[in-house]
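Structural overview
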Amino acid sequence: MAGGCSIRALWILNNHDVVVFSRRFPVVERRWRAACKSENESCSDENVGNDLLPLLPTDSELASAFVDRKTREGSARGFGIRVAQSAEGSDSWVDDPITRHIISLYVNKENHVENHLLWPLILHIKGHYCILVLPLVEPRHLKAYARICKRPDCGNAVGMDESLSSLLLDLPSITGAFMVAHAVGDVVAGDTPEPEVVVSVSPSVGGLLDSLTGSIGISGRAKPAAAPVPASSTSSTALGGAIASDAPNSRPLDKDTLRNFISSSMPFGTPLDLNYSNISAIKLYGFASTDLPPADRKQPAWKPYIYKGKQRIIFTIHEAVNAAMYDRDEIPDVISISGQVNCRAELEGLPDVSFPMTGLDTARIEVLSFHPCAQVPEQGVDKQAVMFTPPLGNFVLMRYQALCGIGPPIKGFYQLSMVSENEGAFLFKLHLMERYKAPLTLEFCTVTMPFPRRRVVSFDGTPSVGTVSTTEHSVEWKIITSGRGISGKSIEATFPGTVKFAPWQTQRSISSGSVLGSVAGEDSDTEPEATNSLVNVEEFLLEKMNKDLQAVDLEEPFCWQAYDYAKVSFKIGGASLSGISIDPKSVSIFPAVKAPVEFSIQVTSGEYILWNTLGKCPSAATTKV
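Description of the structure in this document. Since this is a predicted model, take the numbers as computed values, not measurements. (Residues numbered from 1 in each chain as written. Predicted model: local features only at pLDDT ≥ 70, side-chain atom pairs only at ≥ 80, totals over all residues. Heavy atoms only, no water.)

Some points on the packing of helix H6 (residues 173–189) against helix H8 (residues 255–265)
So the rule is basically this: Note on geometry: axes are lines fitted to C-alpha atoms, helical ones only across the stretch in contact, with angles between N-to-C directions running from 0 to 180 degrees. Numbering of helices and strands runs from the N terminus; a helix is a DSSP stretch of H or I covering at least four residues, while a strand is a stretch of E covering at least two. Any angle between 65 and 115 degrees counts as roughly perpendicular, while under 35 counts as roughly parallel, over 145 as roughly antiparallel, and the rest as oblique. Note on convention: the crossing is left-handed when the near helix lies turned anticlockwise from the far helix by less than a right angle, right-handed when the turn is clockwise. The criterion used for residue contact is that any of the two residues' heavy atoms lie within 4.5 Å. Here the term charged refers only to Asp, Glu, Lys and Arg, the term nonpolar to Ala, Val, Leu, Ile, Met, Phe, Trp, Tyr, Cys and Pro, and the term polar to all other amino acids, Gly among them.
Running from amino to carboxyl end, H6 crosses H8 at an angle of 150°, the nearest separation of the two axes being 9 Å. The angle between H6 and H8 falls in the class roughly antiparallel. Of the two possible hands of crossing, H6 and H8 adopt the one that is right-handed. Contacts between H6 and H8 involve Ala183, Val184, Val187 and Val188 from the first element and Thr257, Leu258 and Phe261 from the second. Across the contact of H6 with H8, the residue classes tally to six nonpolar, one polar and no charged.

Below you can see the structure in the form of structure tokens.
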């Protein structure tokens, strides 16, 4: 029964533990009821026989069970971590990391004396929402998990017949349920799993492109519109507790889009195609007899739908510059480029596209990989011929890692030391776009000094160029603002100053003897928060990891390994830093069609760090750039 993947139901809860969306699949549920009936007739297990739940819980029952689980497991987010208060029968009693993501609920059904076990529930957290997916398994698997939860050895004893690992290996539907949860999460959050393809804003930009283009990348670019879906009238049977927006900055839950996606991607509870691009394209254009591929061409798996409409090809080279700048003789600076060539080919039929990729030799490429649809016959030359049969929608044609031959776009040093217990003196001296010539243009550049453990009261200092602003825990220096980029020249920017912080106070953390014993008091100038009797395990562990970052002497209290830096953000236009490029005029299509080719390049900062030259910087070998 569980050889494939079928979904009994799914629920979406907001951060107030209210079910804002749910979907049940009666066809799959009938199979579950039949299996339960057969199981109960064939055998009777006195210990766990009553744990089988033949009926799905209501939304309110499930929400109540999820809240009870948090209390039972000792976790505010519903994860199962072994703590002192873990009880026999709970997920944390099993003491396996997988119970963070595959959980169980004890549902209190009306007219029943005891709670009933609901398992396996896939837990996926996306933004402000918790997504729970219940795949179809056999009743014997549910009984096996119930036995594991009640064993004194936590279900992991060596030599025992049953263990959680062996049980999950017998359930391939778990993998499918994970895919469903992640796909639903992407739809809920508005994240399409497509690379960004940047185009100029013109009347030709619309339709499928605007519907499906991802929203990653430069925040200043206009976001594409969501895929159009038929408007539905307000139903009197709206889900109980539905909330359009449960946080000030959260994205409203688009239930119409979600319903359309679920109905199309997993009709009757069986996942068929979880690719949001394919589903949206099919809903927009549908299937017709004219969509059939040519008789002499085999339709590839990555293009299940034949495009019909205005034809064009769009290429975008997107590079991220990662760097760790030390300005020390004993530690060399590290700089690298991560890039990818994104493509969107809106072409009818199944044509082949070919072009020469230039700059592969001069870019000093370290790592290079292509999409499975591409054929690359030539290797190790400056011009590399690329031929591919493009799939549907946006896709990554090529990924690469390269060295930056020009040198770092922002170079210099950052110093920070203490003047007194609550005042620090800093100095920046930077060179921007040194040896960078036109058409390379620095469109904006910002440097941020973070102070996660101190609250900024004021700062004093005037930079040689740009403006300065502060937040509660950072100082931000905007050197080049949008619309005032520099091209064909380098500039030097300096910024000396001081920053004052709120007085240093001592805060006692909450007692957590039930988890790992008491936590020693830590220094902080933040206000003490109200404590709860129940330990939030995830927050405790994260807090403890942060507190384990040791400070150095009192004279240099900012030199925590994770905080002793300034971060640079920038955007460069005009050309790629690796030297890789595409000539739109060299792109050819077979069979020949008239399709314009659009090409753009964007270069942004990745993890671009200026380490404090006066602090204890991590070595280059341990720095991730």
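Some details on the sheet that holds strand E1 (residues 7–13)
Heads up, the condition is: We treat two strands as partners when DSSP finds at least two bridges between them.
Ordered by their spatial adjacency, five strands build an open sheet running E2-E1-E5-E4-E3, and the pairing between neighbours is antiparallel. In the strand order of this sheet, the two ends are held by strand E2 (19–24) and strand E3 (102–107), each with one partner. Going from strand to strand, the sheet's axes swing by 25° on average, the running direction of each strand aside. Looking at chain direction, E3 and strand E4 (residues 116–126) are connected through five bridges and run antiparallel. If you follow Ile102 over to E4, its bridge partner there is Ile122. Lying on the sheet, helix H4 (residues 139–149) is in contact with E3 and E4; it crosses E4 at an angle near 85°.

Section: H8
Inclusion rule: Classification of residues uses two cut-offs on accessible area relative to the type maximum, computed with a 1.4 Å probe and protein chains only: under 20% is buried, over 50% is exposed, and between them is partly exposed. N or O atoms closer than or at 3.5 Å make up a polar contact, with two conditions inside protein: a donor-capable atom paired with an acceptor-capable one, and, for residues adjacent in sequence, both atoms drawn from side chains.
What H8 keeps buried is the set Lys255, Thr257, Leu258, Asn260, Phe261, Ile262 and Ser265. Between the side-chain oxygen of the N-cap and the backbone nitrogen of Asp256 there are 3.4 Å, and the N-cap of H8 in question is Asp254.

Considerations on the packing of helix H1 (residues 26–42) against H4
At a minimum axis distance of 9 Å, the contact between H1 and H4 shows a crossing angle of 70°. Taken together, the axes of H1 and H4 are roughly perpendicular relative to one another. Every residue of H4 that contacts H1 at Trp32, Ala35, Cys36 and Glu39 is listed here: Pro139, Arg140, Leu142 and Lys143. Of the residues in the contact of H1 with H4, the class split is five nonpolar, no polar and three charged.

Focus on the pattern of salt bridges
Using the following cut-off: For salt bridges, the criterion is a side-chain nitrogen of Lys or Arg within 4 Å of an Asp or Glu carboxyl oxygen.
One pass over the full model with this rule turns up twelve salt bridges. Of the charged contacts, one joins Arg312 and Glu346 as a salt bridge, the two residues approaching to 3.1 Å between their closest N and O atoms. Here Arg312, found in strand E6 (residues 312–325), pairs with Glu346, found in strand E7 (residues 334–346); they are 34 residues apart in sequence, far enough to count as distant. A relative accessible area of 5% means that Arg312 is categorised as buried. Put simply, Glu330 and Arg328 hold a salt bridge, and the shortest N to O gap is 3.9 Å. For Glu330, a relative accessible area of 58% corresponds to the exposed category.

Here we look at the nonpolar core
Test applied: Among buried residues, the Ala, Val, Leu, Ile, Met, Phe, Trp, Tyr and Cys ones that are joined through side-chain atoms within 4.5 Å form a nonpolar core.
Judged by nonpolar contacts, the single largest core of 44 residues is most densely connected at Ile12, Trp119, Val133, Tyr145, Val184 and Leu258. With eight residues, the top contributor of residues to this core is H6. Not counting residues within four places of it along the chain, the set of residues in contact with Ile12 comprises Val18, Val19, Val20, Phe21, Tyr129, Cys130, Ile131, Val184, Val188 and Leu258. Among the nonpolar cores identified, the runner-up in size contains 40 residues, and Ile335, Ile410, Tyr436 and Val568 belong to it.

Regarding the sheet that holds strand E14 (residues 423–432)
The four strands lie next to each other as E13-E14-E20-E16, forming an open sheet whose pairing is antiparallel. Strands at the two margins of the open sheet, each flanked by one partner only, are strand E13 (410–420) and strand E16 (456–460). Each strand of the sheet is rotated relative to its neighbour by a mean of 20°, with strand direction disregarded. For E13 and E14, the ladder comprises ten bridges, and the chain directions are antiparallel. Across the sheet, residue Lys411 finds its bridge partner in E14, namely His431.

Quick word on H1
Quick reminder of the rule: Expected helix span is given by 1.5 Å per residue-to-residue step, counting one fewer step than there are residues. Each direction from the helix axis to a C-beta atom contributes to the arc, which is the arc of those directions.
Helix length check: H1, at 17 residues, gives a terminal C-alpha distance of 24 Å against a target of 24 Å (1.5 Å per residue), a fit within 8%. Listed as buried for H1 are Val28, Glu29, Trp32, Ala35, Cys36 and Glu39. The arc enclosing the buried residues of H1, seen along the axis, measures out at 120°, which places them on a common side. Of the exposed residues in H1, the ones pointing more than 90 degrees away from its buried face are Pro26, Arg30, Lys37 and Glu41.

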